[in-house]
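A closer look at the structure
Residues per chain are reported as follows:
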Amino acid sequence: MRLVLTADTHVPKRARDLPAPLWAAIDAADVVLHAGDWVDEGLLDAMAARARRLVGVYGNNDGPALRARLPEVARVELAGLRVAIVHETGQKVRREERCQARFPDADLLVFGHSHIPWDTVAPNGLRLLNPGSPTDRRSQPYATYLTARVADGRLADVELHRLPPRR
């Protein structure tokens, strides 16, 4: 099962649309996971129309219309992998410990908010992934998203994709 992980897309405030390489990855994926800050329902609709399966949550920049359509926390099982998605996890200090306490039944936590890619493992084995942002790199050298594969309850081939600078 091929996954695309993204967050903090901020369309149309930070970009008019998603970068073409991310749309191509969405088209090829079996499941797309979005960890919030869509900003506009139009992107949710466009992504839902193109993705085979879309699982997302709302973020702090998502207004009432998106909050009415998306949960704060999503949980899904993908090929035996227990996945939780949330926008915010708080500051990076002791993040792993806080998240393992909040999501004790998950194997993978996908989160956003910081726009900073993150890949760590909590003491209990919970994998924490933040794909960064494909449209607003903030202090990072590149805008980013993640891809991965899932089979038999295991996450594999996690890859951070750097996007070319916008012109």
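So, here's what we can say about the structure. Quick caveat: nothing in here was measured; it's all calculated off a predicted structure. Numbers given for residues are sequential positions, taken from 1 along each chain in its written order. Reporting in this predicted model follows two pLDDT cut-offs: at least 70 for local features of residues, and 80 or more for side-chain atom pairs to be given and counted; totals over whole chains, interfaces and linings ignore these cut-offs and use all residues. Note that water and hydrogens are dropped before the side-chain values are worked out from all heavy atoms of the structure.

Burial classes follow relative accessibility: with a 1.4 Å probe on protein chains only, a residue under 20% of its type's maximum area counts as buried, one over 50% as exposed, and anything between as partly exposed. Secondary structure elements follow DSSP: runs of H or I no shorter than four residues count as helices, runs of E no shorter than two count as strands, and numbering proceeds from the N terminus. Burial runs high along strand E9 (residues 143-151): seven of the nine residues are buried. Bridging between E9 and strand E10 (residues 154-163) involves eight bridges; their strand directions are antiparallel. Residue pairing for E10: alanine 151 is matched across the bridge by arginine 154. Taken together, E9 and the strand that follows it, E10, pair antiparallel across an intervening segment of two residues, in which aspartate 152 is found at a positive phi of about 50 degrees. Strands are labelled as partners when DSSP assigns at least two bridges between them.

Time to look at the sheet that holds E10. Here we have five strands laid out as an open sheet, ordered E3-E2-E1-E9-E10, and mixed in their pairing. Bordering the open sheet on either side are strand E3 (54-56) and E10, each of which pairs with just one other strand. Taking the axes of each pair of neighbouring strands and ignoring which way they run, one obtains an average angle of 20 degrees across the sheet. Helix H1 (residues 20-28) rests against strand E1 (2-6), strand E2 (31-34), E9 and E10 of the sheet, and its axis sits at about 140 degrees to E1. Contact definition: two residues touch when any of their heavy atoms are within 4.5 Å. An axis is simply a line fitted to the C-alpha atoms; with a helix, the fit covers only the stretch in contact. Between two such axes, the angle follows the N-to-C directions and lies from 0 to 180 degrees. Packing against the sheet, helix H2 (residues 41-50) makes contact with E1, E2 and E3, and its axis sits at approximately 145 degrees to E3.

When you line up the elements, aspartate 136 lands in the loop between strand E8 (127-130) and E9. You can call aspartate 136 buried: its relative accessible area is 13%. Excluding anything up to four places from it in sequence, aspartate 136 contacts Arg14 and His115.

This paragraph deals with the pattern of salt bridges. Each reported salt bridge corresponds to a side-chain nitrogen of Lys or Arg within 4 Å of a carboxyl oxygen of Asp or Glu. Counted according to the given criterion, the structure contains nine salt bridges. Between arginine 69 and aspartate 45 there is a salt bridge whose closest N-O contact spans 2.7 Å. With a gap of 24 residues between them, arginine 69 in helix H3 (residues 64-69) and aspartate 45 in helix H2 connect regions that are remote in the sequence. What makes aspartate 45 partly exposed here is its relative accessible area of 38%. Between arginine 75 and aspartate 105 there is a salt bridge, with the nearest N and O atoms lying 2.9 Å from each other. Pair noted here: arginine 75 is in strand E4 (residues 73-78) and aspartate 105 is in the loop between helix H4 (95-102) and strand E6 (108-110), with a separation of 30 residues, a long-range link. What you see here is one network of salt bridges that share partners, running through Arg14, Asp136 and Arg138.

Direction of pairing for E6 relative to E8: parallel, over a ladder of three bridges. Residue pairing across strands places valine 110 opposite leucine 129, the latter belonging to E8. In terms of strand pairing, strand E7 (residues 118-121) meets E8 through four bridges, oriented antiparallel. Looking at E8, one finds that valine 121 is bridged to arginine 127. Linking two consecutive strands that pair antiparallel, namely E7 and E8, is a turn of five residues; a positive phi of about 100 degrees is found at glycine 125 within it.

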